[in-house]
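# Observations on chain architecture
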Amino acid sequence: MIPRKFAEIAFRRWWVLLIPTVLAPAAILAFQPHKVEYASVATAWVSRIEGVETAGTFGQPTDSQTTPASAQVQVLGDLLQTAAFRDEVALSAGLVIEGADQRAREQAGELIVKRVQVFEVGPNLMGVRVVAPSAEGAQALGAAVITRFQARALAEGAREAQTVVGYFEKQLALGQDDLAKAQAEAAAYIKAHPTAADKTKVDVDYQSLQGKVDSQTKVVDRLLENLQDARLNAASASNTASATFNVQDQPSLPLLPIAASRTEKYGYPLAGLVMGFSIAAAYLYAAYRLDHTIRSREDVAGLPVTFLGAVPELKPRRRLLVIGRRGGRNFARRVAVSIPPAPGAAEGEAA
Amino acid sequence: MIRDRFRREREDLLEAIREIQLLSGLTDLRWSEPHVSHEPLSLAAKGPGLRGFKAMRGSGQPRTAPPRDPSTPRSVAIGVTSPGFGDGKTTVAIALASCLAQDFAAQVTLVDADFHTASVSREYGLEGRKGLADVLDGDVSLPAVTHRFLRAPLSVVTAGTAASSPARIARSERLVELIDAMKATSGFVVMDLPATLKSMTAPVLAQRCDGVLIVVRDGKTTRRELERTLELYKDANVLGVVLNRRTSRIPGWAERLFELAS
C-alpha cells in the first residue's frame, strides 16, 4: 500500500519525476555521436597442406580440434598486435606517410586495432572486416591488411624453407666429409694390405671399414634427397602460401554506411530513461523520508491521540481569472447578438 | 463551488464536534437537533465576512439562545491550541465556536486566552478593548467585557489590555472561577490558547479546560512537534488532533486506484 504522503509528494512534485525521465534520454540522444562509418569485408579460403602437420601459414602447431580458419584468424590477430605489422599496414593503406614520427605511427596502429576485425566464417573460410569513416578508406585498409598478411606469409614461408635448405646443406657437407674420410681410410688399408679386398679371404678390419663407407654413403644419399625436397619447398613457397591463404572476395567497396545498432538506437535512450526515472524516484523517496510533517491520519498513527478530522484549505478564486472569464462570456454574448439571423430562419422557427 | 466547499468544511467540523462530544462525555445534547444552515457567513472564520458581525458590548441577546437550565448536564470548556504559530488554532477556535453557536444553537463563549498575540480580538475588530486580563486584575466585571453577537448565541471575551503576566494569569485561581462563571452561562466555552511550544502558559491553561483540541497545519507541523506538545499535555485531557489547511494534489482516480488513506 502506498503511503498517502508519498503519493502527495509525487503529485506535488510531478515535474521532478518528469524532468529527469525526459531529460536523460533526450540528453543521450542529443549528445550521442552519430558517426557515419563504412564497413568493407573480405573473405579468404584457408586450407591445410596434405602431409604437413603444421597447417598454418607460419607453420604454427595445430591440433585436430582447430580448424584452418581459426588457426589463421589467431595468426592474423596476433600479427595485428605487433607494432611492426601495424606500421606496414598503415603505410600500405596510406594512413601514415613514409618517415612519419613515432606518435603518428602509434595513433595509426591504434586505429587499425580498433577498425580491423578478423573472424572465422567457416572451417576453411575466414573474414576480415574493416570499418572506416569513408568507403574508400575501409576498402584500402582491408586491402592493405590482406596484402601485408600475404606478404608476411610468403616471406615467412620462404624464410622457413631457406632455413631447412641451409640445415640440410650443412648436414650434407658434414656427411660428405665423413664419407671422404671413410673412403680414404679404406683405400689406405687396401694399399697396406693388398689382399684384403680379396673376396675369398675374410679380413675383418677391411670389412669394418667398408661397412662404414657404405653406411656413410647412405647417409649422404638421404641428406641429398632431403636437400632436394627442401629446395623444392623453397622454390614453391609462394605457391604454397597461395594455396593455404587464397582470397576469395577482395575487400568490398561499401555503398551505404553502417546502420546504427539497436543498442545505440534504443538501448542507450532506454538506459537513460531508466536512469532518469531512478534518479527521480530516489529523489522522491528521499523527500518522502525526510518529510516529517503531518499531512494525513497516517502521520499521527502511533501517537496517543485521536485524529478528529481535517479542515480543507479555502482558496478564493483568482480575481483576474474571474474577471477574464466574465469578460469573455460578455464578449461572446455581444458577438452572438450581433450575428444576424439566417434568411428563412424565422419562417422555419414559426413552422 | 465556494458554497460547496463551505458545505464540506461545515460537515467536517460538525463531524469533529460530534467526536468532541463523544470524547467529552456529552452524548446527550442539551439543545435541539442541529440546525444546519449553509450560509457561508457563519463559517467565515477569517476575513472581512467575520468582521461584518456586529459585536455589541454587554448588550443584546442572542436570537436563538435557549434559557439556561441548571439541571441540564454540565458545560464544557474546550481549549484550542497548536504546537506553533500560524497553524490555525485561532481560525479553528472561531470556526468551532461559530458552528456550535449557529448550527447547534448552543450558547458559546469564545475566550481569547492567547495573551501574546490576541488573535481573536484582532479577528473580531476588538483590539484595545478590555477583557480577561482586566477582569482578573479586578478592574471590570466579566459581563462588562463579554461581547455578544446579535445574529448568533455567541459571546466573545478578549484577552484584555491589562499588563499582567500571562504566567500569573494562567496560575491564578480566579481564572478557574471565571471559566466556571462562563460555563454557568454557556454550554460551550471555547478558549483560544497560546501556541504550546512558544508559550509556557499553554499547558497550565490547558489544565483549566475540560478538553484540549490540538490544531496542526498540513505540511508545516512536524510529528516531533506534535509529540513534544503531547508530552506537555500529559496532565491535560487531549480530545484529539485537527489537521488544518489541508491541501491535496492527489486526483480522485489516484486515491481510488491506490486506495489511499484519508
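Residues numbered from 1 in each chain as written. Chains lettered and ligands numbered in written order. Predicted model: local features only at pLDDT ≥ 70, side-chain atom pairs only at ≥ 80, totals over all residues. Heavy atoms only, no water.

So, on to the overall build of chain A. A count of helices and strands for chain A gives 11 helices and five strands. When burial is assessed residue by residue, chain A has 32% of its 351 residues classed as buried. Working note: accessible area of chain A is about 22,200 Å², and carbon and sulfur atoms make up 59% of it. (Helix = DSSP H or I, 4+ residues; strand = E, 2+ residues; numbered from the N terminus. Buried < 20%, exposed > 50% of the residue type's maximum accessible area, 1.4 Å probe, protein only. Areas by Shrake-Rupley, 256 points an atom, 1.4 Å probe, with all protein chains shown as cover.)

The subject of this paragraph is the overall build of chain B. Within chain B, the secondary structure is distributed over 10 helices and eight strands. A burial count over chain B gives 52% of its 262 residues as buried. Across chain B, every contact between residues at least 6 apart in sequence was considered, and the portion connecting residues at least 24 apart equals 82%. Carbon and sulfur atoms make up 50% of the accessible area of chain B, which totals about 11,400 Å². (Contact = heavy atoms within 4.5 Å.)

A word on the sheet that holds strand β3 (residues 125-132) of chain A. Residue and element names in this part refer to chain A. Spatially, the four strands line up as an open sheet ordered β2-β3-β1-β4, and their pairing is antiparallel. Where the open sheet ends on each side, the last strands, each with one partner, are β2 (116-120) and β4 (245-249). Ignoring strand direction, the axes of neighbouring strands in this sheet form an average angle of 30°. In this sheet, β3 lies alongside β2 in antiparallel orientation, the contact comprising five bridges. In the sheet register, F119 faces β3, and the bridge partner there is G127. Docked against the sheet, helix α6 (residues 135-192) engages β1 (38-46), β2, β3 and β4, running at close to 140° with respect to β3. (Pairing = 2+ DSSP bridges. Axes fitted to C-alpha atoms, helices over the stretch in contact; angles between N-to-C directions.)

Right, let's get into the pattern of salt bridges. All names here are of chain B. The final tally for this structure, using the stated rule, is 19 salt bridges over all chains. Here D192 and K89 are joined by a salt bridge, their closest N and O atoms 3.6 Å apart. With a gap of 103 residues between them, D192 in strand β6 (residues 188-192) and K89 in helix α3 (residues 89-102) connect regions that are remote in the sequence. Given a relative accessible area of 0%, D192 falls into the buried group. Overall, K89 belongs to the buried group, its relative accessible area being 7%. R223 is the partner of E227 in a salt bridge, and the nearest nitrogen-oxygen pair spans 3.5 Å. With E227 and R223 both in helix α9 (residues 223-232) and four residues apart, the pair spans about one turn of that helix. Using a relative accessible area of 27% as the deciding quantity, one classes R223 as partly exposed. (Salt bridge = Lys/Arg side-chain N within 4 Å of Asp/Glu carboxyl O.)

Turning our attention to the packing of aromatic side chains. Within this structure, the stated rule accounts for seven aromatic pairs over all chains. Residues A:F6 and A:Y288 carry aromatic rings whose centres are separated by 5.5 Å and whose planes lie at 85° to one another, so their mutual orientation is edge-to-face. Placement of A:F6 in helix α1 (residues 4-12) and of A:Y288 in helix α9 (residues 262-290) is noted, with a sequence separation of 282 residues between them. Overall, the relative accessible area of 25% leaves A:F6 in the partly exposed class. Judged by relative accessible area, A:Y288 falls into the buried class, the value being 19%. Each ring, one from B:Y124 and one from B:F149, has its centre 5.3 Å from the other, and the planes form 55°; the classification is tilted. Of the two residues, B:Y124 sits in the loop between α4 (119-123) and α5 (132-137) while B:F149 sits in strand β4 (residues 146-149), which places them 25 residues apart along the sequence. (Phe/Tyr/Trp six-rings, centres within 6.5 Å; stacked < 30°, edge-to-face > 60°.)

This part covers the interface of chain A and chain B. Listed by partner, the interface residues are 33 residues for chain A and 43 residues for chain B. Carbon and sulfur atoms make up 60% of the area that chain A and chain B hide from each other, which totals about 3,600 Å². When the area that chain A buries against chain B is broken down by residue, the three leading residues are A:R4, A:L308 and A:V311, summing to 22%. At the surface where chain A touches chain B, the tally comes to three salt bridges. A:R295 is paired through a salt bridge with B:D218; the nearest N and O atoms lie 3.7 Å apart. Along the contact surface separating chain A from chain B lie 18 residue pairs in polar contact (both at pLDDT 80 or more). For the side of chain A that touches chain B, the secondary structure elements donating two or more residues are α1 and β5 (307-312) of chain A. (Buried area = accessible area lost by both parts, 1.4 Å probe. Polar contact = N/O pair within 3.5 Å; in protein donor to acceptor, adjacent residues only side chain to side chain.)

Residue and element names in this part refer to chain A. Contact geometry for α6 and helix α7 (residues 204-235): axes closest at 8 Å, N-to-C directions at 160°. As judged from the angle between their axes, α6 and α7 are roughly antiparallel. The crossing of α6 and α7 is left-handed. Here the contact of α6 with α7 is built from residues that sort into 19 nonpolar, nine polar and six charged. (Parallel < 35°, antiparallel > 145°, perpendicular 65-115°, else oblique. Left-handed = near helix turned anticlockwise from the far one by under 90°. Nonpolar A, V, L, I, M, F, W, Y, C, P; charged D, E, K, R; others polar.)

Now for unusual backbone geometry. For residues besides glycine, phi is generally negative; the peptide bonds are generally trans as well. Residue and element names in this part refer to chain B. Even without glycine at this site, A118 takes up a positive phi of about 50°. Residue placement: A118 occurs in the loop between β3 (108-112) and α4. Given a relative accessible area of 21%, A118 falls into the partly exposed group. With phi around 50°, E259 is a residue other than glycine that occupies positive phi space. Here E259 shows up in the segment after α10 (252-258).

The next thing to look at is the confidence of the model for chain A. When pLDDT is averaged across chain A, the result is 85; 92% of the residues are at 70 or more. Every residue in residues 49-56 of chain A scores below 50 in pLDDT, and together they form 12 contacts with partners more than four places removed in sequence or on other chains. (pLDDT = per-residue confidence, 0-100.)

Turning next to the environment of A:A44. Residue and element names in this part refer to chain A. Position of A44 among the secondary structure elements: in strand β1. Under the relative-accessibility criterion, A44 is labelled buried at 4%. Considering only alpha carbons, one finds A44 and L125, 81 residues apart in sequence, at a separation of 5.7 Å. If near-sequence neighbours (up to four positions away) are discounted, A44 is found in contact with N124, L125, M126, F245, N246, V247 and Q248.

Glancing now at α7(A). All names here are of chain A. In this model, α7 (32 residues) spans 46 Å end to end at C-alpha, consistent with the 46 Å of a helix rising 1.5 Å per residue. Those residues of α7 not exposed but buried are Y206, L209, V213, Q216, V220, L223, L227, A230 and A234. Buried residues in α7 make contact with α6 and α8 (237-244). Two to three positions downstream of the cap, the backbone nitrogen of D205 sits 3.1 Å from a side-chain oxygen, assigning the N-cap of α7 to D203. (Expected span 1.5 Å × (residues − 1).)

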